[in-house]
Amino acid sequence: MNNNLVLIFLSCFLLSCNAGTSNSECTDCGGGLLDGYLYKEVTVEDVASLAEIDVSANVGKCIRFKMDGTEFSEATVVDDCCCIEYQ
Amino acid sequence: MEPVGKMMSLKDTKWILPQAPYTAGPGGFSWFDGSEKMGWKYQESFNILTHLIQDLNNEGFSSSDIFIISFSQGACLTMEFMIRQSFSLGGIIPIAGFIRYKKRVKQDATDASRNTPVLLLHGEKDKIILPEQSKISLKIFKDAGYKAELHIYSSGHKIPLQAKNLIKNFINDKHF
């Protein structure tokens, strides 16, 4: 791949930026991007793929998922797609 | 790292996730070391970014190909770093941060750095760093001659999914 753009991502974790503030609205989501999970709203194209791993989700619902190549390997319906956070 | 890149779905993009140099408790790292009372150290953090950008330049990336996305304390560092450089970047995207040394921006900002576009993002329900801080940052940047914009989204101290398109559009607009 010929990269023509660089994105440097500076975050901060644990005590360094927000001590004592772990009760975010998203703590029930069970894992964030840095744990390897992705979040997205279900599209029509996703429904069949999700059915293959026995997940039933309506279009527009938010799922937390992992991919194996182009297929879902894991998916869970969650309440809110705001659950993407880096803290 | 990979999920972050996938979420943004930007093609032909190299992602770098540097680790902050200062330790801050068990398992924690910080871009700043010290306290309001003792003063803040951040030279090591500046050095990391300086060397990183030099290495990227040596690899063939121009500074205008480089964007810094940063969150919270990382956003604070990014703003302090960017204004003091003798070059401009493709852009910076400080999310939920604040300018620590507000009064020094005008005097410390270099002419070259003023060509770095700034996209500020902040959650309106952020109780850790209040969104007013990004409104202040916006004014400071504009007063100092930067092209800066601010988007407030409905969220707390986090990067929600809706920030994805704002970031992508900003990068596509400034870079492509």
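A. Focus on the overall build of chain A. Per the secondary structure count, chain A includes 2 helices and 4 strands. Ordered by position in the sequence, the α and β elements of chain A form the string β-α-β-α-β-β. When contacts within chain A are restricted to residue pairs at least 6 apart in sequence, long-range pairs at least 24 apart make up 41% of them.

B. Fine view of the pairing of strand β9 (residues 148–153) of chain B. Residue and element names in this part refer to chain B. Of the pairings in the sheet, the one linking strand β8 (residues 118–123) to β9 comprises 6 bridges and is parallel in character. From the neighbouring strand, L121 faces β9, where its bridge partner is H151. On the question of chirality, the crossover connecting β8 to the parallel β9 by way of helix α5 (residues 132–143) is right-handed.

C. Examining unusual backbone geometry more closely. Phi is positive for D54 of chain A, which is not a glycine, with a value near 60°. If you trace the backbone, D54 of chain A turns up in the loop between α2 (44–52) and β3 (62–68). With 7 C-beta atoms counted inside 10 Å, the residue D54 of chain A sits in the exposed group. Backbone geometry places A96 of chain B, a non-glycine residue, at a positive phi of 55°. Structurally, A96 of chain B can be placed in the loop between β7 (91–95) and α4 (105–108).

D. Quick peek at the sheet that holds strand β2 (residues 38–41) of chain A. All names here are of chain A. Strand order in the open sheet formed by 3 strands is β2-β3-β4, and the pairing between neighbours is antiparallel. Both edges of this open sheet fall to β2 and β4 (71–78), since each of them pairs with a single strand only. Each adjacent strand pair in this sheet contributes to an overall mean axis angle of 35°, direction not counted. Two strands pair when backbone bridges link them, and β2 and β3 are joined in this way by 4 bridges, in the antiparallel orientation. Note on β3: the bridge partner recorded for L38 is F65.

E. Examining the sheet that holds strand β6 (residues 66–71) of chain B more closely. If you trace the 6 strands from one edge of the open sheet to the other, you get β1(B)-β1(A)-β6(B)-β7(B)-β8(B)-β9(B), paired in parallel fashion. Each having just a single partner strand, β1 (13–16) and β9 of chain B make up the two edges of the open sheet. Neighbour to neighbour, the strand axes of the sheet diverge by 15° on average, direction disregarded. Alignment of strand β1 (residues 5–10) of chain A against β1 of chain B, held across 4 bridges, turns out to be parallel. Note on β1 of chain B: the bridge partner recorded for L7 of chain A is W15 of chain B. α5 of chain B rests against β8 and β9 of chain B of the sheet, and its axis sits at about 170° to β9 of chain B.

Quick notes on the rules
Residues numbered from 1 in each chain as written. Chains lettered and ligands numbered in written order. Predicted model: local features only at pLDDT ≥ 70, side-chain atom pairs only at ≥ 80, totals over all residues. Helix = DSSP H or I, 4+ residues; strand = E, 2+ residues; numbered from the N terminus. Contact = placed C-beta atoms within 7 Å. Pairing = 2+ DSSP bridges. Right-handed = clockwise from strand over helix to strand, strands pointing away. Buried ≥ 20, exposed ≤ 12 C-beta atoms within 10 Å, placed from the backbone. Axes fitted to C-alpha atoms, helices over the stretch in contact; angles between N-to-C directions.

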